[in-house]
Each structure stands twice: as structure tokens, then as C-alpha cells.
Amino acid sequence: MDIKPYDKTIRDLLNSKRQFVIPRFQREYSWDKKNYKEFFEDMVGNLSEKNGNIVANPYFLGTMLFIGNFTEGTEAEIQVVDGQQRLTTITILFSAMSDVLKELGEDTLSDLLFRYIMTKDDNNKEIRILKSKTHYPYFAYFIQDKNKAVKQEPSSEEEICIKETYDYFISVLTEKKLKLLLQKTLGKEFVDGLSIIEIIKALRDQILNTIFISISTSNEDQANRIFEILNAKGKKLAHIDLVKNRIFEVLSETEPADLAEEQWKKLKAILYSRRESIGLATFYRHYWISKYKKSSEGKLYDDFLSMKICATKEKCKNFLDDMIINATYYKQITCPNRDDYSNRKEYYWLVQSLNVINNYFGIVQTRIALLALFDLKNRDLISANKFKTTVKYLEGFHFAYSAVLSERANKFEKIYSNFAIEVRKCTDKASVERIINTKLIEPLNKIYPSWDDFRTNFVALTYQKKTDSKSIKTKYAINMLNCYFSKNELFDDEGSVEHINPENDDTISIGNLILLEVRINNDAGEREYCDKIDFYKTSKYEWIKQFIDEYPTFSKDNINDRAIKIAEIYFTKILGKSI
């Protein structure tokens, strides 16, 4: 390999008048608060006192890998293969520092600092020193525009990460916070005598004088190999970054169109198209173990390589196409919306069930099985009735297993993966039904909570008007019971949880709860049961009518017995289990 290492400083890199481009196969900016906070505190903490002045000191920033040589070469553009996260963070920090200096009335210092973000080439043309397709135009508008003339809200995980990093730097670049940090190493007396301008200038020099090892190589193939070697040596990249790198390496053509990049953008657009953005890495793992192999987090990329998913360009294209199809399913599963089904009433139950599993119970592993079920539905390999009963079974199982008993999730991820992989291989409805019964329902039935365990934990369910995870589960149970008595599968938007006896620490048990229309609930207020039974009589709910007949009076002594009764109804009638 033609590799050239050099000791360089950040000043050398930013003063080179080159444009540093993030290659198409690179991961997005993804440093979280722990990373950029540690970087900032390292920079501040490395400053010292010399002859009464605050000064910078040598600091090693590690290795950076480039395609092209910004030291000796003539290329106008240099590709950053390893080092993007650090260079992006430095650019964001310099932008924040420049903005702070401008606010302090130091326009000249602000302009001089900004030249490390925007520079001019030999033809006096302005260029962005750091350039990436993934975060353009947000990064250009928000970080690389000194006046921030174009207002744009972040709309992806990467853009949100950029804004959060910038906001953090702005929050700590105050005189009070900078001095508090410096006092840890330089002492209060010396630090109190410093101005914020002196501190920011010293911080600027500390970053610019930071040393790194620059490794330059001449072509993308070599860079890709070094990229993976560096990861194997401890510079850990997320599995999705390595998968992307491999796909882009195989689908290397960029003319007449860059298929890999366009498909990758489409994939991300699907996952980020709703208010609740979906993590690409999370989707990929669930997709992989739903179709290929139950792989651990650390083995995902190794298994991807071993299964030769991208052995040919055609296989690679098919893999990308299939990811996009499954990303659409995943979006519908994790962010359910009636619009996904053209507001057709026969799918309202599905939106409700998916919302319950994801948002009431917070069970992400179920997505592995659901991805396979959506795939079968799309290929017309499962009847509408079997699809519905299977999804409803999963909802009921997780209410009993996860919500009521709070059992751990490690028992069923393997079940879901084995089922999903096996059922996706089916080519007819009969075999699909057989696999659902033998690979999904039967294994889950083996770990289904017993009546005794269910009853004990169900009776302990409580509800308070302040929202918490326990109250959400209890509210769900009350809504399901009301649906059972009303013979309706959808929750009533007009319903609210009613404490039969006025709410206090003794009456928050599920045995003291029922569903009542909001209007009647408000009218009944905090009266005793005997005083509000006339309000109950105006309710349209069948459950309320049966309750009034059964309980002409209701006291605290009835609460536990009633809780056991509705637990039995839930277990036998709603979940369909035997006592």
C-alpha cells in the first residue's frame, strides 16, 4: 500500500486551502454529548499558566486517514476517511466561538477565527473547508454561514446532533463556566484575573496546535481496506457504518447516477419521515435478525460478510431494495398512522395495537416478528384473519408478560428471530399458518404467565392521574375491559379512567377503577359512590350498567375482591387463557 504518515497540527490542516470532503461511504456525524463534552473539557483542561499568561500545550488527537495528501499533493479536494467526527466537532466549536466573540464585540477576532471554517482558494473563491453531502445544506446554513441568514430547522438525526453540539458549546462558552473549568487545573486566583477574550483566544490556539498523525493514501480501494483495519484495531465503528462502506465499495459507479447514494438517501428519508425519527442502526439490526441470522451486536458486520450479501453488484442492489421495502414496514410498525392504510376502518385496530406495543409497553423486540408478518401480508401469503389474530396475540402476550409481570425481554428475541427467518421462507398460506403456530405461538405459550402469577400482579396495578409507566399500563387494561363489555375492539376517545371511590392512596388500585365518559366523570367529581351513582346511570357504557347492577353500594372493602374478578375476566375472556 502507498501510505504516507505525517505529524501535523489542526492549524496545518485548516490552513492548507484544501476542501476536506466526507466520502459517500462515510458515516454521518454522530458524536453524542459524552464525546463532544469530553473533547471540550480536554481542550480547556490542557491550558496552563506561563509567565502570568494562559497558554496552550501539546495535545495528541490520534490518527486521521485521507484519500489524497494535503501536505504534498495538488488535489483541491481531500477525502476524509477517518477523522470526520473530530473535524466536524472542531468546525462546530469554532463556529460557536466565532459567534460568541461577535456577541462580545470582537468582530476582528471573530472573522479571523471563521477563516478556519470558510476560506478562499488561490482564485479568491470562497470554499467550505469541510464538505459533506449527508449534512448539506443544514451544516452550511447553520454552522458555515457566519450570519446564519437562512433559517432551517433540523430534520434528521444527524442535523439534530449538529444542533445539539453547537448549543452545548454556546452554553459552556461563558465566562462563568469557562472559569469554573479552568479553576480545576489553574487555581481560582489566577483564573479570576483572566478575561473571557483571553480564555477564548487560548482555547483557539489549543485546538489549532493540537497534533495528529495524518495518513494519506492514493485511492478509495486502499482507503476502504485501511478503514476496516482501523476499525478492527479498536477504532470501533457502528455495524451500519461498515455495512454502508461495503455496499458503497461494491456499488462504486457514480455515473450516470450514484445508485448506492440515492438508495441510501431514500432509506434514510423513509426512516426520518415522521416526527419520531427511527434510528438507522436499530432498524438494520431488527431487519437483519428478522431475515438472515440471529446475530449479536458485535457480530452483525462479520455475519453480513460471511453470508456474502454483496458478493455481486446484483445481490448488493437487491439487498438495498429489500432494505427500503422493510424500512417502510418498520416505519408503519414503529410510528403507526391511519394514513398508512388510507384511513380504512378495517385497519384501525392495527394502528391501535401497534401503538400499544410500541408506546404503552415499549417492546422493541416485537418488531422483528412484525416485520416478517408485514412481509407476508404484502406478498399475500397470510390471510387477513390470521394476520389480525397473530398481531392481537402478540399484544396480549406482552400485556401479560411485559406489562403485568415486568419479565425481561431476553427470553423472546430469539423466538422472534427464529420465527421471522423461518416464516419468510414460506411460499404458501398453509405453511405460513403452520410456522406461526409452531415457531411463534407455541414457544411463547411455554413462557406465558400462569393464572396465579397474572392475578397477583394484575391486582397490584394502580392508577394515578399523573402519567407514569404503571398508570399507562393500568389505563390500557381499563380500556381493554371496557372494549370487552362493549363488544368493541377500539378504545373510546370519550372515555376516561374513573376512581369509583374518591382518589387517595387506598383507592388507586385497579379494583377501584372503571371507564366513564369524560363529561360524566367531570360532573361526578370527587363525590362518594352513593352520591354519584345517579351520574353513572347516564353512561352509555355496558360495563358501567353491569357494575351498577352488581354494586348498589361500593366501599374500600370491595376493591380487592373486584380486582380479582376483573383479573379473571381479563385472563380468560380477553387473553383466552385457562385458569
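Criteria and thresholds
- Residues numbered from 1 in each chain as written.
- Predicted model: local features only at pLDDT ≥ 70, side-chain atom pairs only at ≥ 80, totals over all residues.
- Heavy atoms only, no water.
- Helix = DSSP H or I, 4+ residues; strand = E, 2+ residues; numbered from the N terminus.
- Buried < 20%, exposed > 50% of the residue type's maximum accessible area, 1.4 Å probe, protein only.
- Lys, Arg positive; Asp, Glu negative; His and termini not counted.
- Charge placed at Lys NZ, Arg CZ, Asp CG, Glu CD.
- Axes fitted to C-alpha atoms, helices over the stretch in contact; angles between N-to-C directions.
- Parallel < 35°, antiparallel > 145°, perpendicular 65-115°, else oblique.
- Contact = heavy atoms within 4.5 Å.
- Nonpolar A, V, L, I, M, F, W, Y, C, P; charged D, E, K, R; others polar.
- Salt bridge = Lys/Arg side-chain N within 4 Å of Asp/Glu carboxyl O.
- Phe/Tyr/Trp six-rings, centres within 6.5 Å; stacked < 30°, edge-to-face > 60°.
- Lys NZ or Arg CZ within 6 Å of the ring centre and 35° of its normal.
- Pairing = 2+ DSSP bridges.
- Core = buried A, V, L, I, M, F, W, Y, C linked by side-chain atoms within 4.5 Å.

Chemist: How should I be thinking about the overall build of the protein chain in this particular structure?
Modeler: Along the protein chain, the regular secondary structure elements total 26 helices and 12 strands. Judged by the C-alpha coordinates and their principal axes, the protein chain covers about 90 × 65 × 40 Å. For the protein chain, buried positions account for 53% of its 579 residues. Of the charged side chains in the protein chain, 87 are positive and 85 negative; the average position of the first set lies 3 Å away from that of the second.

Chemist: Any chance you could explain the packing of helix 12 (residues 259-271) against helix 15 (residues 313-334) here in plain terms?
Modeler: Geometry of a packed helix pair, given as the angle between the helix axes and the separation of the axes. Contact geometry for helix 12 and helix 15: axes closest at 9 Å, N-to-C directions at 10°. Classified by the interaxial angle, the pair formed by helix 12 and helix 15 is roughly parallel. Each of Leu259, Ala260, Gln263, Trp264, Lys266, Leu267, Ile270 and Leu271 in helix 12 lies in contact with helix 15, whose residues at this interface are Lys317, Leu320, Asp321, Met323, Ile324, Ala327, Thr328, Tyr330 and Lys331. A breakdown of the residues in the contact of helix 12 with helix 15 according to their chemical character gives 11 nonpolar, two polar and four charged.

Chemist: Looking at this structure, I do not really get the pattern of salt bridges. What am I missing?
Modeler: Should the charged atoms of two oppositely charged side chains come close, the side chains can pair. The full count for this structure, using the stated rule, is 30 salt bridges. Ionic pairing is found between aspartate 192 and lysine 188, a salt bridge with its closest N-O pair at 2.8 Å. With aspartate 192 and lysine 188 both in helix 8 (residues 188-192) and four residues apart, this pair spans about one turn of that helix. Judged by its relative accessible area of 39%, aspartate 192 is partly exposed. Across the pair lysine 565 and glutamate 550 runs a salt bridge whose closest N-O atoms are separated by 3.1 Å. Of this pair, lysine 565 sits in helix 26 (residues 556-574) while glutamate 550 sits in helix 25 (residues 542-550); the two residues are 15 residues apart in sequence, bridging distant segments of the chain. You can call glutamate 550 partly exposed: its relative accessible area is 46%. Taken together, the salt bridges that share partners define one network made up of Arg285, Lys294, Glu297 and Glu413.

Chemist: Sorry if this is basic, but what is going on with the packing of aromatic side chains here?
Modeler: Two measures describe an aromatic ring pair: the distance that separates the ring centres and the angle between the ring planes. If you walk through the whole model with that rule in mind, you get 55 aromatic pairs. On the numbers, 6.0 Å between centres and 50° between planes, the contact of tyrosine 287 with phenylalanine 319 is tilted. Here the residue tyrosine 287 occupies a position in helix 13 (residues 280-291), and phenylalanine 319 occupies one in helix 15, the gap between them amounting to 32 residues. The exposure class of tyrosine 287 is buried, given its relative accessible area of 0%. Here the aromatic rings of tryptophan 451 and phenylalanine 571 are separated by 5.5 Å at their centres, their planes lie at 50°, and the arrangement is tilted. Within this pair, whereas tryptophan 451 is found in helix 21 (residues 451-459), its partner phenylalanine 571 is found in helix 26, the two being separated by 120 residues in sequence. Grouping residues by exposure puts tryptophan 451 and phenylalanine 571 together as buried. Positioned above the aromatic ring of tyrosine 448, the side-chain terminus of lysine 577 is 4.2 Å from the ring centre.

Chemist: What's the story with the environment of isoleucine 247 in this structure? I'm lost.
Modeler: One can find isoleucine 247 in helix 11 (residues 239-250). Judged by its relative accessible area of 0%, isoleucine 247 falls in the buried class. Separated by 66 residues in sequence, isoleucine 247 and lysine 313 have C-alpha atoms that sit 8.9 Å apart. Apart from the residues within four sequence positions on either side, isoleucine 247 is in contact with Trp264, Phe304, Cys310, Cys316, Phe319 and Leu320.

Chemist: I would appreciate a short explanation of the pairing of strand 10 (residues 211-217) in the present structure.
Modeler: Side-chain positions along a regular strand alternate between the two faces of the sheet. Judged by how many residues are buried, strand 10 sits mostly within the fold: five of seven residues are covered. The pairing of strand 5 (residues 60-67) with strand 10 spans six bridges and is parallel. Note that in strand 10 the partner of threonine 63 across the bridge is isoleucine 213.

Chemist: Please clarify how the nonpolar core should be interpreted in this entry.
Modeler: Inside soluble globular proteins, nonpolar side chains tend to come together where they are buried. Counting 119 residues, the largest nonpolar core has Ile247, Phe399 and Phe458 as its most contacted members. Among the elements that make up this core, the one with the highest residue count is helix 18 (residues 384-404) (10 residues).

Chemist: Would you mind going over the side chain of glutamine 84 with me for this structure?
Modeler: One can find glutamine 84 in helix 3 (residues 84-103). Not counting residues up to four positions away in its chain, the partners in contact with glutamine 84 are Ile22, Gln26, Arg27, Glu28, Tyr29 and Glu158.

Chemist: For this particular structure, what's the right way to read unusual backbone geometry?
Modeler: The phi torsion of most residues other than glycine is negative, and most of the peptide bonds are trans. A positive phi angle is found at serine 342, which is not glycine, with a value near 55°. With respect to the helices and strands, the residue serine 342 is situated in the loop between helix 15 and helix 16 (348-360). By relative accessible area, which is 60% here, serine 342 ends up exposed. We note that serine 406 has phi near 55°; this positive angle belongs to a residue other than glycine.

Chemist: What am I meant to see in the environment of phenylalanine 94 here?
Modeler: If you trace the backbone, phenylalanine 94 turns up in helix 3. Of the residues examined, phenylalanine 94 reaches a relative accessible area of 0% and is grouped as buried. For the pair formed by phenylalanine 94 and proline 137, sequence separation is 43 residues and the distance between their alpha carbons is 18 Å. In this structure, phenylalanine 94 is in contact with Leu14, Leu113, Tyr116, Ile117, Arg204, Ile207 and Leu208, ignoring residues within four places of it in sequence.

Chemist: Help me understand helix 19 (residues 413-423) in this model?
Modeler: Owing to its 3.6 residues per turn, the α-helix brings residues three or four apart onto one side. For helix 19, the buried fraction is high: eight of the 11 residues fall into the buried class. Residues Glu413, Ile415, Tyr416, Ser417, Phe419, Ala420, Ile421 and Val423 constitute the buried set of helix 19. Against the buried residues of helix 19 lie helix 13, helix 17 (366-378), helix 18 and helix 20 (429-446).

Chemist: It is not clear to me how the environment of isoleucine 435 should be interpreted in this structure. Could you clarify?
Modeler: Mapped onto the elements of the fold, isoleucine 435 is located in helix 20. Residues in contact with isoleucine 435, not counting those within four places in the same chain, are Phe419, Glu422, Val423, Cys426 and Leu440.

Chemist: Just checking my understanding: could you explain the side chain of glutamine 352 for this structure?
Modeler: Tracing the sequence through the fold places glutamine 352 in helix 16. With a relative accessible area of 13%, glutamine 352 lands in the buried category. Setting aside its immediate chain neighbours within four residues, glutamine 352 contacts Glu489, Leu490 and Phe491.

Chemist: Is there a simple way to explain the pairing of strand 5 in this structure?
Modeler: Most of strand 5 is tucked away: seven of the eight residues are buried. Judged from the three bridges that link them, strand 5 and strand 6 (residues 77-82) form a sheet pairing that is antiparallel. Residue pairing across strands places leucine 65 opposite aspartate 82, the latter belonging to strand 6.

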